[in-house]
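So the chains spell out like this:
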Amino acid sequence: MKPSQKRARKLKTQSAENATGEVKEASVTHLNESPSPEPPETNPSPPRLNRGRGKKRRLSNNPSETTEQQRGGVVSQRSSLPHHHHSDCNNATTVSAAATSESTPAAPSWETVVKVVPSMDAVVKVFCVHTDPNFSLPWQMKRQYSSGSSGFIIGGRRVLTNAHSVEHHTQVKLKKRGSDTKYLATVLAIGTECDIALLTVSDDEFWEGVSPVEFGDLPALQDAVTVVGYPIGGDTISVTSGVVSRIEILSYVHGSTELLGLQIDAAINSGNSGGPAFNDKGKCVGIAFQSLKHEDAENIGYVIPTPVIGHFIQDYEKHNKYTGFPVIGIEWQKMENPDLRKKMGMESHQKGVRIRRIEPTAPESQVLKPSDIILSFDGVNIANDGTVPFRHGERIGFSYLISQKYTGDSALVKILRNKEILEFNVKLAIHKKLIPAHISGKPPSYFIVAGFVFTTVSVPYLRSEYGKEYEYDAPVKLLEKHLHAMTQSVDEQLVVVSQVLVSDINIGYEEIVNTQVVAFNGKPVKNLKCLAEMVENCEDEYMEFNLDYHQIVVL
């Protein structure tokens, strides 16, 4: 008797698994197949029978009756019939096989509600020919090179991709999935900070038979995402899947800014840039743009979320160009130390951050002062660590509130100054750095006199001179200005002697390289244009250049 009981348990377990499999695989399982009879069992296993369908059926002391009720429950739910009482379930199981098959067509509709396949025909491959300027030799350009990336079609006959995919573009072409034709594209706008570019195609044939991608809401943690694009390793479209691992303010490598971003565990490789990330409803929730390559990290990719994408598109539609993401030109300090809060005159219920420095060129420098405590921004209270409520159970840096604004917008800032609460309307603008992260696609400016090559310092210039590790190899004084210096005027630039082209007139100065020009003939040098005008209008017998490190060049 023991062997027969063991076989009965095995058959019963298999029946429960099949019932569960019928529910989950509605599109492939046929419900009109007649199940084979099962031997009775006096003690069915509740954990196995209750798997996934515990609330849809009733248990009975008769094993065969219990099994029939399970099947009736499955058929009843597939056909969208309500469950009334025990006799209805038995009636459902007495229907013939042909009658049972009539409820089968409802199964595909049940499956499509769970997951929608994204429209991959709207994903295109981007071919770009780049011609980068030579920042070390600014009078010439570098050799052209080609790159491949991804993009996708949105409403208004437009295409979205990454800004770094079309940076310094000479020619951009797009190819649709399954097509052998490349269409010339026009770049409408490039958002350097958010790493998004907007393209269009004038050929009407490109837009035929393609539905634009629809945008979804910001996903939650552990939501499934599918990244579609044309990464390295093949020529056809590629699909990778994962989940949302983190939502926070991220550092955008290309734009040298910090904006809202999504971290996912789906593979994002070279060529995926610009491709859409879909949710399980088939709507786009972001753009793949960068990944983390580190020996201690695996499968860490980053996606530009829909709030940033929407800001970019609305900015272009509102101003007919890209104006950027505004910032508050301040540096702030956390107020987590109780003694510090007490010293600054804060009450126990008050929270905020302390202003360390203010950009002299920022509009808020007219109303804000160092050591002011920012209590709230646009009515949202700021915590002592600089965070604000984001969603249920989440917090995020208060710079997110600023990034939701547009250039020229005003914001209400509440501060604490000398134990007095004040409110100011601050106009938001673009932050100008002394050493800019980009030069907006323009060739670099330069000025040559007596073999001395004068130019301005930017992040691309430092990268051209010292490579990708410029933050470790560049001169300390240039790095200090890059990280901490603030512009004193809107047109201020950091002018340096890039190199000295050897000639008889500059003997002894050959070793001067990447040294800042402080003054000319005793007059401070504000920018490169100012230096060129002073040299051209110079009527003195000698030209004297005062350089950093107290060096003097006399010509």
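For the structure itself, consult the block above.
Predicted model, so just to flag it, every value in this text is computed and none were measured. (Residues numbered from 1 in each chain as written. Predicted model: local features only at pLDDT ≥ 70, side-chain atom pairs only at ≥ 80, totals over all residues. Heavy atoms only, no water.)

Draft legend 1. View of the overall build of the chain. Per the secondary structure count, the chain includes 13 helices and 28 strands. Split into buried and exposed, the 555 residues of the chain put 45% on the buried side. Long-range contacts, defined as pairs at least 24 residues apart, comprise 61% of the intrachain contacts of the chain with a sequence gap of at least 6. (Helix = DSSP H or I, 4+ residues; strand = E, 2+ residues; numbered from the N terminus. Buried < 20%, exposed > 50% of the residue type's maximum accessible area, 1.4 Å probe, protein only. Contact = heavy atoms within 4.5 Å.)

Draft legend 2. Region of interest: the packing of aromatic side chains. Taken as a whole, this structure holds 13 aromatic pairs when the rule is applied. Pairing tryptophan 139 with tyrosine 446 gives two aromatic rings, centres 5.9 Å apart and planes at 65°, and the pair type is edge-to-face. Linking tryptophan 139 in the loop between strand S1 (123-130) and strand S2 (145-154) with tyrosine 446 in strand S22 (residues 446-449), this pair joins segments that are 307 residues apart in sequence. Here a set of aromatic residues connected by ring pairs shows up, and it is made of Phe447, Phe452, Phe454, Tyr509, Phe520 and Phe545. Over the aromatic face of phenylalanine 127 sits the side chain of lysine 182, whose NZ or CZ is 4.0 Å from the ring centroid. Positioned over the ring face of tyrosine 549 is lysine 477, at 4.7 Å from the centre of the ring. (Phe/Tyr/Trp six-rings, centres within 6.5 Å; stacked < 30°, edge-to-face > 60°. Lys NZ or Arg CZ within 6 Å of the ring centre and 35° of its normal.)

Draft legend 3. Focus on the environment of glycine 216. Inspection of the secondary structure assignment puts glycine 216 in the loop between strand S7 (196-200) and strand S8 (224-229). Owing to a relative accessible area of 12%, glycine 216 belongs among the buried residues under this scheme. Through-space distance from the C-alpha of glycine 216 to that of proline 305 is 9.7 Å; in sequence the pair is 89 residues apart. In this view, glycine 216 contacts Lys283, Cys284 and Thr306; residues no more than four positions away in its chain are not counted.

Draft legend 4. Summary view of the pairing of strand S15 (residues 353-358). For strand S14 (residues 330-333) and S15, the ladder comprises four bridges, and the chain directions are antiparallel. If you follow glutamate 331 over to S15, its bridge partner there is arginine 357. Both S15 and strand S16 (residues 373-377) contribute to a ladder of two bridges, which runs antiparallel. Note that in S16 the partner of valine 353 across the bridge is isoleucine 374. (Pairing = 2+ DSSP bridges.)

Draft legend 5. Structural context of the environment of serine 371. If you trace the backbone, serine 371 turns up in the loop between S15 and S16. In sequence terms serine 371 and isoleucine 355 are 16 residues apart; their C-alpha atoms lie 5.1 Å from each other. Once you skip the residues sitting within four places of it in the chain, serine 371 turns out to touch Met344, Arg354 and Ile355.

Draft legend 6. Fine view of a nonpolar patch on the surface. A contiguous nonpolar surface patch, about 330 Å² in accessible area, is contributed by Trp139, Tyr446, Ile448 and Leu501. Residue placement: leucine 501 occurs in the loop between strand S24 (495-500) and strand S25 (515-520). (Patch = residues over 30% accessible without salt bridge, like charges linked within 9 Å, V, L, I, M, F, W, Y side chains within 5 Å. Areas by Shrake-Rupley, 256 points an atom, 1.4 Å probe, with all protein chains shown as cover. Salt bridge = Lys/Arg side-chain N within 4 Å of Asp/Glu carboxyl O.)

Draft legend 7. Broad picture of the sheet that holds strand S9 (residues 238-252). If you walk around this closed barrel you meet the six strands as S8-S9-S10-S13-S12-S11, and the pairing is antiparallel. Put simply, the sheet's adjacent strands are angled 50° from each other on average, direction ignored. As paired elements, strand S12 (residues 284-291) and strand S13 (residues 301-305) share five bridges and run antiparallel to each other. For isoleucine 287, the partnering residue across the bridge sits in S13 and is isoleucine 304. Contacts between helix H7 (residues 306-319) and the sheet are confined to S9, strand S10 (257-264), S12 and S13, with S13 contributing the most and set at about 45° to the helix. (Axes fitted to C-alpha atoms, helices over the stretch in contact; angles between N-to-C directions.)

Draft legend 8. Broad picture of unusual backbone geometry. For histidine 168, which is not a glycine, the phi torsion comes out positive at approximately 50°. By the element assignment, histidine 168 lies in the loop between strand S3 (158-161) and strand S4 (169-176). Given a relative accessible area of 17%, histidine 168 falls into the buried group. With a phi close to 50°, asparagine 521 is a non-glycine residue in the positive phi region. Mapping asparagine 521 onto the fold places it in the loop between S25 and strand S26 (523-524).

Draft legend 9. Inspection of the pattern of salt bridges at higher detail. All told, the structure shown has 10 salt bridges when counted by the stated rule. Put simply, arginine 157 and aspartate 204 hold a salt bridge, and the shortest N to O gap is 2.9 Å. Of this pair, arginine 157 sits in the loop between S2 and S3 while aspartate 204 sits in the loop between S7 and S8, and the two are 47 residues apart along the sequence. What makes arginine 157 partly exposed here is its relative accessible area of 37%. Owing to a relative accessible area of 49%, aspartate 204 belongs among the partly exposed residues under this scheme. Among the ionic pairs, arginine 246 bridges to glutamate 248, the shortest N-O distance being 3.9 Å.

Draft legend 10. Fine view of helix H10 (residues 459-466). Along H10, the residues classified as buried are Val459, Pro460, Tyr461 and Leu462. Where H10 terminates, the next one or two residues include glycine 467, which has phi positive at roughly 80°.

Keep in mind these values describe shape, not function.
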